[in-house]
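# Architecture and fold: a report
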Amino acid sequence: MPMPRRAAQVFTAVLLAASTVTALSHTAAAADTLGSAAAGKGRYFGAAVAANHLGESAYAGTLDREFNQVTPENEMKWDATEGSRNTFTFGNADQIVSHAQTQNMKVRGHTLVWHSQLPSWVSGLGATDLRSAMNNHITQVMQHYKGKIYAWDVVNEAYQDGSSGALRSSPFADKLGSGFIEEAFRTARSVDASAKLCYNDYNTDGVNAKSNAVYAMVKDFKSRGVPIDCVGFQSHFNSASPVPSDYQANLQRFTDLGVDVQITELDIEGSGTAQANNYSNVVKACLAVTRCTGLTVWGITDKYSWRSSGTPLLFDSNYGKKPAYDAALAALGGSGTGGGGDGGGGNPGGNGSCTVSFTRTSDWNDGYNGEVVVKAGSAPINGWTVTLTFTPPQKVASLWNGTPSWDSSGNVMTVRAASYNGSLAAGASTSFGFTAVKNGNNSTPTLGTCTAS
Ligand code: G2I
């Protein structure tokens, strides 16, 4: 077995430029991804994305398979878009927006007015100049993306932490006074009347002095007709800042003011069941609030999280689905691993279940490598079987980490676990791989359901 695999890898490396990547995932029910399950509940499920990772096949593959909304993690911020006054650079952000458009994903614009990642030329301006620079920045950036953004974080993190309920010190607050927020929203509405305009902040997830201050602002804006459509709750949680018990009530009181709410930067440090339960609670809180229109996790894989050591995301560093993923999917009513209803059908002869996902990991002229990840559901399993159907005249040249057999047509390949990778703990995954020869047909095989034993 090792020979053909090595040969394929060498060949692949040589022809990397010609490679394309596709990914798909399939289980018995329709809503087997976060995005599709959320869509079933009239919501989106998104992720923050960094342009410089889009070339990584597992990153883009996971994004495209699971999510239906993106937020550029850094690429639309002031330092990235207007590093020098009135010189705008949109290359990296454009890359994310075009990717999202080809995948039919919504894009959240993040963020127009924020004290952080602010170029020093902005902080150095006097009041009059700063006002026009702020309005010009909002205008130019929104104009560039007009029609492509479902919602903008117009103002980000304007309030102080703690009990004061006051605005945070920033060039905007210090030089323009509290009116800068209203001015930013009015300017934004004048540029793009169809994008939703949001205020976004952290440590506002429960009822506290900071969220009370934001609440008072939104109430005031609504009463005076200042254009605001939504409030984003970042939801960065860890043991020092846990999911608040009044999370849902807090979301609800904002929507009662007549705005939508979204969970905009969700990540929860931890692992295993504790992390899974927290994710489940957050998803359920959003679903319980009619005007909570979607959730965004702040990254795809722990590998690239802004706080990677806290492993706060849904996919581990190898893009394996974590228990938190299963819990989030189950809370959305999805059917990945026994979520959404007591195991959903189960498996005769055994009490475990499994799911599979397929990634085309590399491509060259007349061949490609495929990888199938097999993941146990919420109970351990002793074996697994997966079927892949190929379009003739494609043929599988070699396969590793599994035991293949073929139907009489030669197009349907059934793969059983190898002697060493059939037993999986609850939530654990393994994978097998193969090299296919295209013989002129470039289609991706159809992945059948996973059967556990
Ligand atoms: O801090 C977490 C988030 C809090 N709410 C607003 C978000 O915009 C913020 O995102 C983070 C990004 O995840 C980080 O990636 O914002 C950080 C900056 O405030 C981002 O970190 C920066 C690093 O500080 C820079 O050194 C680096 O060049 O990311 C940049 C791009 O990788």
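All values derive from a computational prediction rather than experimental measurement.

Rules used throughout
- Residues numbered from 1 in each chain as written.
- Predicted model: local features only at pLDDT ≥ 70, side-chain atom pairs only at ≥ 80, totals over all residues.
- Heavy atoms only, no water.
- Axes fitted to C-alpha atoms, helices over the stretch in contact; angles between N-to-C directions.
- Helix = DSSP H or I, 4+ residues; strand = E, 2+ residues; numbered from the N terminus.
- Parallel < 35°, antiparallel > 145°, perpendicular 65-115°, else oblique.
- Left-handed = near helix turned anticlockwise from the far one by under 90°.
- Contact = heavy atoms within 4.5 Å.
- Nonpolar A, V, L, I, M, F, W, Y, C, P; charged D, E, K, R; others polar.
- Core = buried A, V, L, I, M, F, W, Y, C linked by side-chain atoms within 4.5 Å.
- Buried < 20%, exposed > 50% of the residue type's maximum accessible area, 1.4 Å probe, protein only.
- Phe/Tyr/Trp six-rings, centres within 6.5 Å; stacked < 30°, edge-to-face > 60°.
- Lys NZ or Arg CZ within 6 Å of the ring centre and 35° of its normal.

A pair of packed helices is characterised by two quantities: the angle between their axes and the separation of those axes. At their nearest, the axes of helix 11 (residues 247-255) and helix 12 (residues 272-288) sit 9 Å apart, and the two run at 30 degrees to each other. With respect to their mutual orientation, helix 11 and helix 12 come out roughly parallel. Pair helix 11 / helix 12 crosses with right-handed handedness. Facing helix 11, whose interface residues are Tyr247, Gln248, Leu251 and Gln252, helix 12 presents Val282, Ala285, Cys286 and Ala288. Counted by class, the contact of helix 11 with helix 12 contains six nonpolar, two polar and no charged residues.

Counting residues in hydrophobic clusters, the biggest one holds 92 residues, and the most contacted among them are Phe45, Trp152, Val155, Phe180, Phe185 and Leu314. Residues contacting Val155, with those up to four places away along its chain left out, are Thr111, Val113, Phe180, Ile181, Ala184, Phe185, Cys198, Tyr199 and Asn200. Ranked by size, the runner-up nonpolar core spans 24 residues in total, among them Val372, Leu388, Phe432 and Ala452.

Take the packing of aromatic side chains next. Here the structure, examined in full by the defined rule, presents 20 aromatic pairs. Ring geometry for Phe233 against Phe254: centres 5.1 Å apart, planes inclined by 75 degrees, an arrangement best described as edge-to-face. Placement of the pair is Phe233 in strand 7 (residues 230-233) and Phe254 in helix 11, with a sequence separation of 21 residues. Taking the relative accessible area as the measure of exposure, Phe233 reaches 0% and is therefore buried. Taken together, the ring pairs in this structure connect Phe358, Tyr368, Phe390, Trp406 and Phe434 into an aromatic cluster. Between Lys210 and the ring centre of Tyr202, over which it is positioned, the NZ or CZ distance is 3.6 Å. Over the face of the ring belonging to Tyr215 we find Arg253, whose NZ or CZ atom lies 4.7 Å from the ring centre.

Fair warning: the whole summary comes from geometry, so function is off the table for now.
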